[in-house]
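This is what each chain is made of:
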Amino acid sequence: MAYDFSKVNVLIVESTQEMYRLFKDVLVMLDVPERNIDSAFSCEEGFERFCTGEYDLIITDWLQSPDKGIELIGQIRTNPKSPNHFAPVIMTAGSGHLSRVIKSRDIGVSDYLVKPFAAADLAKRIERVVEKPRPFVVSPSYTGPDRRLRAKEIKGKDRRVEKPEVEHH
Amino acid sequence: MSKIVIPKNTLKKKVGDGGFKEESIKKAQETIETNEVDFNPIAFEYLNRIRKDIAEYNTHKDSVKLHSGLLDHLTQLRAQGSMFHYSSITAITDIVVDLLDSLKNVDEKILEIVNAYERCASILLKQSVKSDSNPICQSITTELKTVCNKYKAKHNA
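Criteria and thresholds
- The residue numbering used here restarts from 1 in each chain and proceeds along that chain's sequence as written.
- Each chain takes a letter, starting from A, and each ligand takes a number, starting from 1, following the order in which they are written.
- Reporting in this predicted model follows two pLDDT cut-offs: at least 70 for local features of residues, and 80 or more for side-chain atom pairs to be given and counted; totals over whole chains, interfaces and linings ignore these cut-offs and use all residues.
- Just so you know, side-chain values use all the structure's heavy atoms and leave hydrogens and water out.
- Salt bridges are defined by distance alone: a side-chain nitrogen of Lys or Arg within 4 Å of a carboxyl oxygen of Asp or Glu.
- Helix and strand assignments follow DSSP, with helices taken as H or I runs no shorter than four residues and strands as E runs no shorter than two, numbered in order from the N terminus.
- In this scheme, a residue with accessible area under 20% of its type's maximum is buried, one over 50% is exposed, and one in between is partly exposed, where area comes from a 1.4 Å probe on protein chains only.
- It only takes one pair of heavy atoms within 4.5 Å for two residues to be counted as in contact.
- In this description, buried area is defined as the sum, over both parts, of the accessible area (probe of 1.4 Å) that is lost when the two are combined.
- Counted as a polar contact is a pair of N or O atoms within 3.5 Å, where, for protein atoms, one must be capable of donating a hydrogen and the other of accepting one, and residues adjacent in sequence contribute only when both atoms are in side chains.
- Residues are sorted three ways: Asp, Glu, Lys and Arg are charged, Ala, Val, Leu, Ile, Met, Phe, Trp, Tyr, Cys and Pro are nonpolar, and all the rest, Gly among them, are polar.
- When DSSP finds two or more bridges between two strands, those strands count as paired.
- Axis lines are fitted through C-alpha atoms, for helices just across the contact stretch, and the angle between N-to-C directions can take any value from 0 to 180 degrees.

(A) Spotlight on the pattern of salt bridges. Residue and element names in this part refer to chain A. Summed over all chains, the structure comprises 21 salt bridges over all chains. Residue glutamate 44 is joined to lysine 68 by a salt bridge in which the shortest nitrogen-to-oxygen separation is 3.1 Å. Of the two residues, glutamate 44 sits in helix 2 (residues 43-52) while lysine 68 sits in helix 3 (residues 68-78), which places them 24 residues apart along the sequence. With a relative accessible area of 22%, lysine 68 lands in the partly exposed category. For arginine 105, the salt bridge goes to aspartate 106, with nearest N and O atoms at 3.1 Å.

(B) Main features of the interface of chain A and chain B. Listed by partner, the interface residues are 57 residues for chain A and 48 residues for chain B. Taken together, both faces of the contact between chain A and chain B bury some 4900 Å²; the carbon and sulfur share is 63%. Where chain A meets chain B, there are five salt bridges. The closest approach of N and O atoms between glutamate 167 of chain A and lysine 3 of chain B, which form a salt bridge, is 2.9 Å. Taken together, chain A and chain B are joined by 19 residue pairs in polar contact (both at pLDDT 80 or more). No other element matches the eight residues that helix 5 (residues 119-131) of chain A contributes to the side of chain A that touches chain B. Within the side of chain A that touches chain B, the residues separate by chemical class into 31 nonpolar, eleven polar and 15 charged. Where strand 6 (residues 136-138) of chain A meets strand 1 (residues 3-6) of chain B, three bridges bridge the pair, whose relative direction is antiparallel.

(C) Quick peek at the sheet that holds strand 1 (residues 10-13) of chain A. All names here are of chain A. Across the sheet, which stays open at both edges, the five strands sit in the order 2-1-3-4-5 with parallel pairing between neighbours. Where the open sheet ends on each side, the last strands, each with one partner, are strand 2 (37-40) and strand 5 (111-114). Across the sheet, the mean angle separating the axes of adjacent strands is 20° when strand polarity is ignored. Sheet analysis places strand 1 next to strand 2, joined by four bridges and oriented parallel. Within the sheet, the bridge partner assigned to isoleucine 12 lies in strand 2 and is serine 39. Against the sheet, helix 1 (residues 17-29) makes contact with strand 1, strand 2, strand 3 (57-61) and strand 4 (89-93), and its axis sits at roughly 165° relative to strand 2, the strand it touches most. Here helix 2 sits on the sheet and contacts strand 1, strand 2 and strand 3; the angle it forms with strand 2, its principal contact strand, is near 145°.

Below you can see the structure in the form of structure tokens.
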């Protein structure tokens with residue numbers, strides 16, 4: 001038995017037609033039906049599509065400056081018009097520089113993929129958002145997956161006065 | 001007040017269990033390796049944008065804007081080079097992206113480096129030097145690394 005993508009809708013937001021087509025072809029080989037894959041080529045178009053479709057996974061490029069891919073993730077996470085603040089979003093970028101990874105993490109990305117990439121890398125990112133989704137933190141300054149990847153043991157006394165409220169959606 | 005939300009995992013519900021088929025990953029990789037996209041027009045478009053941004057900078061002197069514009073074009077070249085069979089372009093662009101990613105703006109020395117990069121990338125494209133193990137590519141890589149490392153050392157970047 002393997003994953004069944006027949007009911008999964010994917011939105012790819014890319015900078016160029018060529019990269020979009022390559023992503024689409026790779027996803028089709030990974031058994032995502034072609035009819036379930038949509039495209040957008042800017043932050044604005046991407047958010048508009050996201051609001052009008054029912055997407056289960058978004059794969060976005062960093063897009064052009066100033067940080068339009070980051071802006072798109074911010075819109076998905078916090079814009080009141082966003083139909084799903086918790087949708088899994090994979091950022092793909094031409095640089096894995098720490099500053100970019102941190103910027104993506106701090107806006108609420110689910111996972112990060114550096115291009116050029118191998119098919120196995122993309123499959124691994126998708127598998128991670130399927131199998132190991134992180135709980136979301138919703139606060140006035142941040143909405144997105146819990147940025148702590150590991151639970152750290154607290155040395156000494158736990159000084160947090162209130163435990164955060166936990167909500168199941 | 002912050003709260004923790006555990007969203008419904010609808011994606012998992014839809015895809016079920018079992019992961020990706022090994023065979024599918026193999027086919028997807030073959031798709032990447034055998035795509036027939038002609039990278040030259042894409043790459044020259046980005047190199048043109050780099051030239052235009054530098055020309056605009058020479059008039060307006062907005063070094064922060066130039067930095068961000070250059071990074072846009074260079075990261076696309078880095079990303080798409082190897083995806084479209086030009087690992088040579090990815091290799092040389094990687095060095096310049098790494099340098100620019102560690103800076104907030106550009107100065108005249110950076111412009112010299114970017115101009116040199118642009119000329120080298122054009123040569124690789126015109127001569128169809130695709131592989132990063134090609135001696136021409138390797139010598140450009142070595143030169144660019146030396147210059148960028150010197151810049152980093154001098155400016156603590």
